[in-house]
Amino acid sequence: MTQRGAAVVACWLLCIGTASWIVARANYVSDLSAFLPAHPTPAQQLLVDQLRDGPASRLILCGIEGGDAALRAKVSIATANRLRASPQFLAVDNGAATTTERDREFLFEHRYALSPRIDAERFSVNGLQQAIAQTIDDLASPAGLLLKSLVPRDPTGETLQIIARFQHGPGPQNTDGAWSSRDGRRALLFAETRAAGSDTDAQQQAMATLSKAFTAARDAAGPAAAALSLNMSGPGVFAVRARSHIQEAAVRLSLASSILIVLLLLVVYRSLPAVALGLLPVASGALAGVAAVALGFGTVHGITLGFGITLIGESVDYSIYFFVQSQGGNAARNSAGAWRRDVWPTVRLGVLTSICGFASLLASGFPGLAQLGAYSISGLIAAALVTRFVLPELVPATLAIRDVAPWGRRAGRALAAIPYPRSLAGVVLVAAVSILAVHRTTLWNRELSALSPVSLAEQRYDAGLRADLGTADVRDLIVVTGPSLEAVLQDAERVAMTLDRLVDDGLIAGFDSPANILPSLATQTRRRESLPVAAELRTRLSLATAESALDAASLTPFVADVEAARHAAPIAATSLRGTSFAAAFDALILHEGTRWSALLPLHGPGAGGAGDIDTARVAAALHSDGIASATILDLKQESDSLYSAYLREAIQLSLAGVAAIVLLLCVALRSITQSLRVLAPLVIAVVCVAAALSLAGQELTILHLVGMLLVVAVGSNYALFFAHVERGHAPLTIAALVIANVATVIGFGLLSFSRVPVLEALGMTVAPGAFLALVFSALLSAPERHA
Amino acid sequence: MIRARILLVVLALGCLRASAAEDDFGALMQLLATRTHARSSFIEQQFLKLLKRPLESRGELTYEAPNRLEKKTIEPRTETLLVDGDVLTIERGHRRQVLSLRDYPALAPFIEGVRATLAGDRAALERLFDVSFTGSLSRWTLMLVPLNADVAKSVARIQIDGTQDDLLRIEILQPDGDRSLMTMRRAAAP
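Residues numbered from 1 in each chain as written. Chains lettered and ligands numbered in written order. Predicted model: local features only at pLDDT ≥ 70, side-chain atom pairs only at ≥ 80, totals over all residues.

(A) View of the overall build of chain B. Across its full length, chain B holds four helices and 11 strands. For chain B, the proportion of its 190 residues judged to be buried stands at 26%. The long-range fraction of contacts in chain B, counting pairs at least 24 apart against all pairs at least 6 apart in sequence, stands at 42%. (Helix = DSSP H or I, 4+ residues; strand = E, 2+ residues; numbered from the N terminus. Buried ≥ 20, exposed ≤ 12 C-beta atoms within 10 Å, placed from the backbone. Contact = placed C-beta atoms within 7 Å.)

(B) Structural detail: the overall build of chain A. Summing up its helical and strand segments, chain A has 31 helices and 13 strands in all. Residues counted as buried form 49% of the 787 residues belonging to chain A. Considering only residue pairs separated by 6 or more positions, chain A has 82% of its internal contacts joining residues 24 or more positions apart.

(C) Focus on the confidence of the model for chain B. Residue and element names in this part refer to chain B. This prediction gives chain B a mean pLDDT of 80; 80% of its residues lie at or above 70. Least confident of the elements in chain B is helix α1 (residues 2-34), whose mean pLDDT is 63; most confident is strand β9 (residues 157-163), at 91. Of the regions scoring below 50 in pLDDT, residues 10-18 engages in zero contacts with residues more than four places distant in sequence or in other chains. Prediction confidence for the complex, expressed as pTM and ipTM, is 0.64 and 0.71 respectively. (pLDDT = per-residue confidence, 0-100.)

(D) Looking closely at the nonpolar core. A:Ile60, A:Leu210, A:Ala685, A:Val711, A:Ile739 and A:Ala773 are the most contacted members of the largest nonpolar core, which has 207 residues in total. The residues contacting A:Ala773, other than those within four sequence positions of it, are A:Pro681, A:Leu682, A:Ala685, A:Val711, A:Val714, A:Gly715 and A:Tyr718. (Core = buried A, V, L, I, M, F, W, Y, C linked by C-beta atoms within 7 Å.)

(E) Structural context of unusual backbone geometry. Cis geometry is adopted by the peptide bond preceding B:Pro66, which originates at B:Ala65 and carries an omega value of 0°. Turning to its location among the elements, B:Pro66 is positioned in the loop between β2 (55-64) and β3 (68-75). Residues other than glycine seldom take positive phi values, yet A:Arg270 does so here, at roughly 55°. By the secondary structure assignment, A:Arg270 is in the loop between α10 (235-269) and α11 (272-297). With a phi close to 50°, B:Gln164 is a non-glycine residue in the positive phi region. Topologically, B:Gln164 is positioned in the loop between β9 and β10 (166-173). Look at B:Gln164 and you get exposed, because 12 C-beta atoms sit within 10 Å.

(F) Representation of the confidence of the model for chain A in the model. For chain A, per-residue confidence averages 82 on the pLDDT scale, and residues scoring 70 or more make up 88% of the total. Confidence, expressed as mean pLDDT per element, reaches its minimum in chain A at helix α2 (residues 42-52) of chain A with 66 and its maximum at helix α22 (residues 521-529) of chain A with 93.

(G) Layout of the environment of A:Ala685. Residues and elements named next belong to chain A. Its location among the elements puts alanine 685 in helix α28 (residues 672-695). You can call alanine 685 buried: it has 31 C-beta atoms within 10 Å. Sequence-wise, alanine 685 and phenylalanine 771 are 86 residues apart; in three dimensions their C-alpha atoms are separated by 8.3 Å. With residues near it in sequence (within four places) discarded, alanine 685 still touches Val711, Gly715, Gly769, Leu772, Ala773 and Phe776.

(H) Representation of the packing of α10(A) against α11(A) in the model. All names here are of chain A. For the pair α10 and α11, the least separation of the axes is 9 Å and the interaxial angle reads 135°. Here α10 is positioned oblique relative to α11, judged by the angle of their axes. As α10 packs across α11, the resulting crossing turns out to be right-handed. Contact with α10, carried on its side by Val262, Leu265, Leu266 and Tyr269, involves Ala274, Val275 and Gly278 of α11 and no other residues of that element. Partitioned by chemical class, the residues of the contact of α10 with α11 number six nonpolar, one polar and no charged. (Axes fitted to C-alpha atoms, helices over the stretch in contact; angles between N-to-C directions. Parallel < 35°, antiparallel > 145°, perpendicular 65-115°, else oblique. Left-handed = near helix turned anticlockwise from the far one by under 90°. Nonpolar A, V, L, I, M, F, W, Y, C, P; charged D, E, K, R; others polar.)

Structure follows, in structure tokens:
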């Protein structure tokens, strides 16, 4: 090794060391935020908050299945009791009576602060008379039995007023003391974690605690319970599963594709050292890619690691070109030198083409795509540099690999035997374009969930649990923002007045508000101050009940309670502890820095809160009431429009990338015809893949688009080589391309078996695309001999 | 000797009577079970210690086999209580409340007691109550005392009087001495 060579290798080792250190210390995240905008609008911000840290993100929904209903309920109750003892959970609910009891106590104790009916008029002689007459009516009703014990302390029926505001439906079905699904096949339980949904480690721990509690409860329930199983769902659960799927994909598929590629290279080279050396650019590239992302973005998205596999497919090509086309770089150094002179410029142009393609992704407003761009660019540069500078230094003089020139000759002959190659390519292109034209309306998937790392089966199970629990995703909600909790609660109360009117108009069926659970201090004070002093109340009561069936003498407890309420401390968020209202309140209040938001989910006018809400009319009503701090948010539409913007941006960026590639080729090749010759096979390959996917019923997502960009990136090498094939090395070049192509197809082919939908999409686009790019490059480079 | 013989006769008669009652109870349950539909008008009086005078209401009670019971009050104001399976629906004016019967252990025994009697479901009755039958098929009284201690907190006993498959009177006594009395008259077949 020359002195210069030693310096190169030392420099490389230093870089590898640094990159390894960065990779080891990097911060890895794996949630949907990779696909959420980095600079969101306020509405998008809310959506992102909700998806990442919102109360909905903390929900773990559980279904207990197997065995019989009584056993399931028993295990559900025992599991919930164990979970309540754990500090990891804010709330656990399965319909068992314990929480309900505490909830009722809370509502009853604070009824004079909570009841919307409390004002000075309510406790006037006239108001008392009317309220008491109503209560007597209620007593005669079928539910009167429930009410009777309340009357001496609450003769005006405030408790009923409050409860009415919380009831929207029957809630989940209760079987043997615990919630069950409508079909009665599973017991239901939900747990709210203390940690945010985006804290995947904490979510994983919470899931483990839940599993352990269930197993312990099941084991304690006797041998018959052994048939019971626990199924979990929810955003945090999905994040944990996605992470493990991605890790699994990254580890298992990388391993599998590495093994297959190693085997391929062994068959080709018949030399272990050559194989080992050939993998150096790949490993260096992967390491450099992750390190670059960690440096540039601070955090590395798990999905970016999944893309690591894709790099194997492309970067291994460089070393294949090197070894095959320089005949192992062996015998005489001049062979490697010739490679540098004749082949390297073409490889370099291929690398630059790929970089142009991926550079467009860097500009993306979405971290996931930008990271993919950074990762690919730095990975490819590193792999190419290692191939160009380090490999020649490390190849021992005695290294010999199999002569693959005969393969190349055979492939060349087979290629030449294809009749009318260009016309064939033209016909295929026309057919593919026609298919795309027919499918043009259904070509793209426009929903954010298309990017979800969660499988369709898991999404369906989740939807089933939610339907049973009645926690169907809220679609429309009103957001009130302000500088303090008191401010947003006061505004939420003003919004509620408008919404009450809309309920009367039948525009919405109802709504939830945090101010129903915790009224603003102003409202609480106003209500408290409207309560009369004991002596005055007694006088009014005797006047109000003079003609009534109710005996004023039995109302002493009422007078005492009102007097107590006059001196009671106001309800604070801390008063909610131990009741299910704590979780409900947390779910409706967001707090970040000095920005507070209150959420008021709206219930649709249809059965069970379904049915579309005329959001324009709601917005108009809010506007005409002059509530400026409130906005109406359609979450589904917002998330879909977010994705549409994302898709549009990705398409624009990809087109920009393609334009950059065209420009680069024109400049480098100094010929428009030459550039077209390089581009044509790539375009045909991409169009064919898109057509094939559409034909197979696949809706294209952004990941398919990225896959097409990868096809262009990988395929540009093939096209460039074929464009240069006349310059000699023909059999070796063809052999190298075929081998490189097999390696790429293996890498991406395996990816299409991934359980992570986004990786699967990438695999099923690039594997056939790369193959087609090679075939069309070959076809278009051949002269129309049989014409 | 004679005394012993008289004692025996008395005992035998007693047994005879008991088994006659037993037979009548079985026959009553069978008779009730064969009906798929029943409709009566009712007058209900509630005597509550809380109130100076009883509350009175009138309406109609409809039963459809196997487990649908509707109590429709017409006076003093219209309201409907409908139990179908486990789902309890209460309608008053524009307000409609749907509840699960299991969530309201205080309401459930009264409804289950009346419904199981109407259905002739002896097993259900005996699962919830200590049942005693007196009288004969032509004039009978069922006394239902809740078995469950929690239930006993809201209902002390339910007494149902009837003739053949007609229910005439349902009296519910609460542990605090409050009671309600429902007097019924079979409505003409619709």
